[in-house]
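Tertiary structure, described
The primary structure of each chain is shown beneath.
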Amino acid sequence: MTTRNDIQAITERIRERSKVSREIYLDRVNAAAGKTANRGVLSCGNLAHGFAVCSPSEKIALGGDKVANLGIITSYNDMLSAHQPFETYPQLIKDAAREAGGIAQVAGGVPAMCDGVTQGQPGMELSLFSRDVIAMSAAIGLSHNMFDAAVYLGVCDKIVPGLVIAALTFGHLPAVFVPAGPMTSGLPNDEKAKVRQLYAEGKVGRAELLEAESKSYHGPGTCTFYGTANSNQMLMEIMGLHTPGASFVNPGTPLRDALTREATRRALAITHLGNAYTPVGRMIDERSVVNGVVGLHATGGSTNHTIHLIAMAAAAGIRLTWQDISDLSDAVPLLARVYPNGLSDVNHFQAAGGMGFLIRELLDAGLLHEDVQTVWGEGLRPYAVEAKLGADGSVVREAAPKVSGDEKVLAPAAKAFQPTGGLKVLGGNLGHAIIKTSAVKPERRIIEAPALVFDSQQGLNDAFKAGLLDRDFIAVIRFQGPKANGMPELHKLTTVLGILQDRGHKVALVTDGRMSGASGKVPAAIHVTPEALEGGPIGRVHDGDIVRLDAEVGTLEVLVPAGDLALRPEPVCDLSGNEHGMGRELFAGFRQMAGRADHGASAFGTA
Ligand SMILES: O=C(O)[C@H](O)[C@@H](O)[C@H](O)[C@H](O)COP(=O)(O)O
Ligand code: SF4
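Everything numeric in this text was worked out from a predicted model, so none of it was measured.

In this model, the protein carries a mean pLDDT of 96, and residues with pLDDT of at least 70 account for 100%. Interface scoring of the predicted complex returns ipTM 0.97; its pTM is 0.97.

As structure tokens, then:
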């Protein structure tokens, strides 16, 4: 099936816009892509340091230029349930590399923040910037230049985007991303959310709340809602950076380990010492990026990727815009309903047919570029499969199921849940914003109500506790942008706004901050750009102004005469409390350098 003309046209305009930057990028990749083992440029002293702890046979091999050496970048820590399984991966990968005639070394580790642990806490103000710190940390590991390919161990929110930025910065190296898989299903996400609302209303105590939370987040693996972490896994598969069928296999299973061993062998096979050299900088092109955006829309993925995908693409000289994302949303149907876009979780998605079913449906509908390069080889069709454990303990693959195992969770293209994607770009006199429509009921996608203005999420929570919010209103929370306080997720507001919405009030949120990929049912216009601290009109909205959010048409407006709005004085906000504490004093430079949300909010300058 050829790719539909509307998808091709968007890809072509991205290619045209990126022509110069992509050419400069590819020249650099080609210049760095050596002819022999990259370690060949190192001095004997460099090399001796690099293999000092290796075995005698490995030292001999690394002293030559015939044996491929893999650099492992790991984001293991015990804070993220999704990353804890990585504790054992380096040894597994080293053993698999040795068995395959190669070598693997841990090139370095990267920090990984759990947005669930920091949600609503000061630490969340480091979260967005941690993406770029992760990219920089991975670069430090890879800069030893001992490696012929890199294996990236990462799952969660900022970690995969940061690792992709690093991988594309080292575009001459082949890159294979290795996931750890989702946690097994616990207390359903919607039941967890209900207990949170009961606690916020004082109807249950802390003990009941902690019990519900602990039953939901109960073991190793990625949290089972479809937030940024699981959107990352979907992206890595549909962009061809995972091996086929690797994304949603639970940790601690024989198949999971077999997939990790197989990914190791594949990384060795695609170095330039093998016969299928696949430098990631050439592999990922505009078609791969468009395929990622299509997958995001088809699954109702995380709003955070309207920021991260732009920064990731920029690392490969590709200029992706919110308009591209919005136009693709109009073309791509929603085929998955995973919490917060439905009641199921990512294990149910996998059981219904998972990525293989989704990719086959999108390919057959002409919504993906099939003629892409992946770590698996030519074309995306080989990803329309399910990975299973063979009798000999290796990975075997079967064609994805013809029909969905549960059409309430994963629909065929002919029975889409909605004809357009999960994300929409809003425009109007408050600037541009993003809204996740897939998680908002149709009757709540147009909200017009008086503004209540806050400079922090705590301000709104305090107003709720004081009983001041039992009414229709649109909460306008400003000074939450990248330059103000690091653009934290304001996901904690979902509980309070959800209570008020359930009481029958028309409520919505407008902010220059972010929400979690797990945020859902309350209409939220987020990533408002320009941010208040940069003089954005969101800073000049007053209590009582009528604000209109229309996710159907794609508009966000304050119904105030343009002249009046422009004449209002610039608001002043005391952000001194956000400059210290929990490490924020170390990120002043990031706050100053951060680009706009619609340019990827990168500390490395705009795309
Ligand atoms: O973008 C995301 O997907 C979120 O940052 C996610 O990683 C975070 O962990 C959730 O906010 C936790 O959800 P709860 O706070 O509801 O447990
Ligand atoms: S999905 Fe979110 S809460 Fe769960 S481990 Fe990852 S970052 Fe933490």
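The next subject is the UniProt feature "domain: Dihydroxy-acid/6-phosphogluconate dehydratase N-terminal" (unreviewed entry) in the protein. The sites that UniProt annotates as "domain: Dihydroxy-acid/6-phosphogluconate dehydratase N-terminal" (unreviewed entry) are residues 69-380. With 47% helix and 8% strand, the stretch residues 69-380 has end C-alpha atoms that lie 27 Å from each other.

Turning next to the site of ligand 1. Neighbouring ligand 1 are 15 residues, the closest being Asp115, Gly116, Gly227, Thr228 and Gly517. Those elements giving two or more residues to the shell around ligand 1 turn out to be helix 6 (115-118) and helix 11 (228-238). Each residue belonging to the shell around ligand 1 can be placed in one class, and the counts come to three nonpolar, nine polar and three charged.

The next point concerns the packing of helix 5 (residues 89-99) against helix 12 (residues 254-269). Between helix 5 and helix 12, the least distance of the axes is 9 Å, while the angle of their chain directions is 55°. Considered as vectors, helix 5 and helix 12 are oriented oblique to each other. As helix 5 packs across helix 12, the resulting crossing turns out to be right-handed. Contacts between helix 5 and helix 12 involve Tyr89, Leu92, Ile93, Ala96 and Ala97 from the first element and Asp257, Thr260, Arg261, Thr264, Arg265 and Leu268 from the second. Residues belonging to the contact of helix 5 with helix 12 are distributed by class as follows: six nonpolar, two polar and three charged.

Right, let's get into the pairing of strand 12 (residues 473-477). Within strand 12, five of the five residues are buried, leaving the element largely enclosed by the surrounding structure. On strand 12, burial covers both faces: Phe473, Ala475 and Ile477 on one face and Ile474 and Val476 on the other are all buried. Taken together, the four bridges between strand 11 (residues 446-454) and strand 12 define a ladder with parallel strand orientation. Residue pairing in the sheet places Ala451 in a bridge with Ile474 of strand 12. Direction of pairing for strand 12 relative to strand 13 (residues 507-511): parallel, over a ladder of five bridges. Paired with Ala475 across the strands is Leu509, a residue of strand 13.

About the thresholds
- Residues numbered from 1 in each chain as written.
- Chains lettered and ligands numbered in written order.
- Predicted model: local features only at pLDDT ≥ 70, side-chain atom pairs only at ≥ 80, totals over all residues.
- pLDDT = per-residue confidence, 0-100.
- UniProt positions renumbered as here; feature names shortened; annotations may be inferred.
- Helix = DSSP H or I, 4+ residues; strand = E, 2+ residues; numbered from the N terminus.
- Near = placed C-beta within 6 Å.
- Nonpolar A, V, L, I, M, F, W, Y, C, P; charged D, E, K, R; others polar.
- Axes fitted to C-alpha atoms, helices over the stretch in contact; angles between N-to-C directions.
- Parallel < 35°, antiparallel > 145°, perpendicular 65-115°, else oblique.
- Left-handed = near helix turned anticlockwise from the far one by under 90°.
- Contact = placed C-beta atoms within 7 Å.
- Buried ≥ 20, exposed ≤ 12 C-beta atoms within 10 Å, placed from the backbone.
- Pairing = 2+ DSSP bridges.

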